[in-house]
Structure formats: structure tokens, C-alpha cells
Amino acid sequence: MNWFECKVSYEKIMEKGVQKKVTEPYLVDALSHAEAEARIIKEIEPYISGEFTVSSVRRANYSDIFPSGDSDWWWRAKVSFISMDEKSGTEKRTNVSMLCQGDDIEEAIKTIHGGMKGTMADYEIIEVKRSPIMEIFVYAGN
């Protein structure tokens, strides 16, 4: 999948009823920047009253995304796949980025392990930190 991070700017009503201009990142899968922009507009339009703009669209490099139930938080994980170089006999590490859901960091780590269950790859979770991503929209067809 090709993931694109789309930042959307709009006036949001905060907890105390005050309106504030915010820019929030969302993730969509698409074939191109143009398709990503069109998709985020279609996905966001029903949820935002008033005007909004797509302030940026950039390719995001995530190897896997592991959703997990009802959590509102997305976590970015740096995971290192470990293999042996047969010629030199040395350990080789390939780092990738993943997104996973969880209410806290421990749940996020469990989600990664659950997503990796059944794979033959040796891996090590290097880093997990909360992502600013608000929502992920996966293409479901028309």
C-alpha cells in the first residue's frame, strides 16, 4: 500500500466552546498525491462543519499498520528485522516504521507483537512513541 499523510486545517470547537484553528494529520492509502488529496476531502467532509483546507500531502513510509479495537491513539514504532548475512556470517538489521493502536504504550507493544504473530521473522522493537495521526482511512472501494 502507498500511504500518504494529509494535514487538514480547520476551525475546531474546543472543550470550553472556544473556536481554534487546528491542523491535524490523517493517513490515507492512495496511488498518488492527487488521489490522496481527493480521498481525504471525501473522508473528512462529513465530519467538519465549515471550511477546511488540505494544507499538505506527503508520502508516509509505513511497512505495516496494526489497528486494535476502539483506541483513539496511534503509535509509531521503529522495528528492526534481524537476519544473518550468509556470506559474512554477520547479523543484518533492517529498520522499518509501523503504526499501531493502543490506549497506552504497553497496549501498543502488545498490538505489534500480536500483528507479528505467525511470522518467521526475528525482530526487535526499537522505539514506540505516540503519533499525531488522528485517523487512518483505508480504501474500501466504491
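Just above sits the structure.
First things first, this report covers the structure right here in the doc. (Residues numbered from 1 in each chain as written. Predicted model: local features only at pLDDT ≥ 70, side-chain atom pairs only at ≥ 80, totals over all residues. Heavy atoms only, no water.)

For the rest of this paragraph, the subject is the sheet that holds strand 8 (residues 136-137). Here we have four strands laid out as an open sheet, ordered 3-1-2-8, and mixed in their pairing. Of all the strands in the sheet, just strand 3 (52-60) and strand 8 have a single pairing partner and so form its edges. Bridge count for strand 1 (residues 3-13) against strand 3 is eight bridges, and the pairing is antiparallel. Pairing of Y10 across the sheet is with F52, part of strand 3. (Pairing = 2+ DSSP bridges. Helix = DSSP H or I, 4+ residues; strand = E, 2+ residues; numbered from the N terminus.)

Negative charge collects at one region of the surface, where D70, D72, D103, D104, E106 and E135 lie side by side. Note that D72 resides in the loop between strand 4 (64-66) and strand 5 (74-84). Here D72 falls in the exposed class, since its relative accessible area comes to 61%. (Patch = residues over 30% accessible without salt bridge, like charges linked within 9 Å, V, L, I, M, F, W, Y side chains within 5 Å. Areas by Shrake-Rupley, 256 points an atom, 1.4 Å probe, with all protein chains shown as cover. Salt bridge = Lys/Arg side-chain N within 4 Å of Asp/Glu carboxyl O. Lys, Arg positive; Asp, Glu negative; His and termini not counted. Charge placed at Lys NZ, Arg CZ, Asp CG, Glu CD. Buried < 20%, exposed > 50% of the residue type's maximum accessible area, 1.4 Å probe, protein only.)

Membership of the largest hydrophobic core comes to 15 residues, with the highest contact counts inside it found for V8, Y10, Y26, V28, I40 and I44. When contributions to this core are tallied by element, the ones reaching two or more residues are strand 1, strand 2 (19-29), helix 1 (33-44) and strand 3. Of the residues forming this core, the biggest block, four residues, is contributed by strand 1. In contact with I40, not counting residues within four places along its chain, are C6, V8, Y26, V28, V54 and F137. Of all hydrophobic cores here, the second largest spans eleven residues; its members include A77, M98, A108 and M116. (Core = buried A, V, L, I, M, F, W, Y, C linked by side-chain atoms within 4.5 Å. Contact = heavy atoms within 4.5 Å.)

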